[in-house]
Amino acid sequence: MSDFSAYIDRELPRFHEELETFLRIPSISTDPERAGDVRACAEWVAEHFAAAGVPGAEVIETGGHPIVVGERIHAPDAPTVLVYGHYDVQPSEPDELWSSPPFEPAVRDGRLYARGAVDDKGQVHMHIKALEARLATGEDVPVNLKLVIEGEEEVGSRHLADFLSENAERLACDAVLISDTGMFSPDLPCITTGLRGIVYAEINVFGPASDLHSGTYGGAVVNPANALAAILAGLRDGRGRATVPGYYDAVRPIGERERADLDRLPMDEETLRDSVGATALGGEAGFSALERLWYRPTLDVNGMLSGFTGEGSKTVLPSRAMAKVSMRLVPDQDPAQVIEAFEARVRELAPEGVTVEINRSHGGAPWVVDTEHPIFDAASAALESGFGAPPAFVREGGSIPIVQAFEETFEAPALLIGFALPGCNMHAPDEWIDLGVYRNGIAALADLYGRLADGLN
Ligand code: BES
Ligand code: ZN
């Protein structure tokens, strides 16, 4: 067993405690009242990276939440790897559905429960500990390391793309290493080779100037809730396809090789159905669940609001209605084109008598990487050393819009090695990280930090 592996086993209880202090900071980026906590969390990250071996790690202000930046320069001519992650988290509500409070980490059955446990604080912490373990046991990290840990990932990385281009020289690198994705099962590590893009919009439908009695006026005025329901229903057809014109034109067909890759994965649709507690799976007709999740775009309502939603009944015609819609995109769909076509389609579906306002939110392009790059061999070997099994190459249905910006700014491949297990409740109550995966993942990353130069020289 390598020295760092023994070190990890010995120090694991302390690592757990430390991760718990990290998770106690409610760094909810979307909540302005938590801005102080978000900043405190950035300080925590900078301090712990500094202690682990990136001495100059510092908190840098942006127009929004700060970014933690640092570098550990090994040799000017050695290759450089930039580690990216995020220390901000999603809101915890509905808090009453958590089995233990979201910001009071609790261990149950080998899992650590807290908001951010796996997305992404737990995974950022694994990098801190991997680095510590290597350096504390006298093992070299033969590449230059740079860090960018942001506090706005969950709100669309509002300031990061500009920050990268403004600091392109300081942050220049040969590869970007990111742990903010998932794996198939505790003993099947994964390298993510593609992510979906996203377009997100809010639709507001305005009708009468104020709410109206639904008897006095019902039948004579256009009800914005009915209008919105018609719009939303019209955005998809009976086969689960979006009706936005041209939506599928740029979608790459699923190739032979991709189908063969999918067939090799231990995927069981009934298990997926049961794990989400639904009576049946759904989505676009004619594709398997993994195809729908990884290779096909979506159009989904994420939220709706209108009229009377309290206890009991109130006979009222609402004066307005609102829905939030996300579209997950796949190569080669273009977010700018999609949002234009979406807006036009919504307006076309809106009945006369209401006005429609569409607010665009964050967006990001879909991403795929060329796995021929030698860094994937280094990563495979490292994962095998940590988990005892070689990794599967997978895609993810989720989005990390900034991955594109990294690749474009630095012309460097992105290596996505994530540790979230299916059912880990990212963005939901009772988010957890598997502590066995946490341990093996630290060992794999510690090994990877030693191999990165092989893949980049
Ligand atoms: N860690 C996730 C991305 C992710 C989710 C990867 C699921 C793999 C599987 C990330 O923190 C996230 O939630 N991203 C957002 C991006 C959005 C806010 C632009 C997402 O996918 O909703
Ligand atoms: Zn997230």
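Residues numbered from 1 in each chain as written. Chains lettered and ligands numbered in written order. Predicted model: local features only at pLDDT ≥ 70, side-chain atom pairs only at ≥ 80, totals over all residues. Heavy atoms only, no water.

Overview of the sheet that holds strand E14 (residues 355–364)
Basically, it comes down to this: By this definition, two strands are paired if DSSP reports at least two bridges between them. Only DSSP runs of H or I covering at least 4 residues are called helices, and only runs of E covering at least 2 are called strands; the numbering of each starts at the N terminus. Axes here refer to lines fitted to C-alpha atoms; in helices the fit is confined to the stretch in contact. Angles between the N-to-C directions go from 0 to 180 degrees. Contacts are assigned to residue pairs with any non-hydrogen atoms lying within 4.5 Å of each other.
Taken together, 4 strands build an open sheet; the order of strands is E11-E13-E9-E14 and the sheet is antiparallel. Whereas interior strands pair on both sides, the edge strands pair on one side only; in this sheet they are strand E11 (300–306) and E14. Averaged over all pairs of adjacent strands, the angle between their axes in this sheet comes to 15°, without regard to strand direction. Note that E11 and strand E13 (residues 320–329) share 6 bridges and pair antiparallel. From the neighbouring strand, Leu305 faces E13, where its bridge partner is Met322. Set on the sheet, helix H6 (residues 224–234) makes contact with strand E9 (197–206), E11, E13 and E14; between it and E13 the angle comes to about 15°. Packed on one face of the sheet, helix H10 (residues 335–349) meets E9, E13 and E14 and runs near 160° to E14.

A short note on the site of ligand 1
Selection criterion: What makes a residue near a molecule or strand is one non-hydrogen atom of that residue sitting within 4 Å of it. N or O atoms closer than or at 3.5 Å make up a polar contact, with two conditions inside protein: a donor-capable atom paired with an acceptor-capable one, and, for residues adjacent in sequence, both atoms drawn from side chains. Each residue gets one label: Ala, Val, Leu, Ile, Met, Phe, Trp, Tyr, Cys and Pro are nonpolar, Asp, Glu, Lys and Arg are charged, and the others, such as Gly, are polar.
In the vicinity of ligand 1, 16 residues are found, and the nearest of them are Glu153, Asp180, Arg328, Ser399 and His427. Here an oxygen atom of ligand 1 sits 3.1 Å away from a polar atom, N or O, in the side chain of His86. One of the side-chain nitrogen or oxygen atoms of Arg328 is found 2.8 Å away from an oxygen atom of ligand 1. Of the residues assigned to the shell around ligand 1, the class counts are 4 nonpolar, 6 polar and 6 charged.

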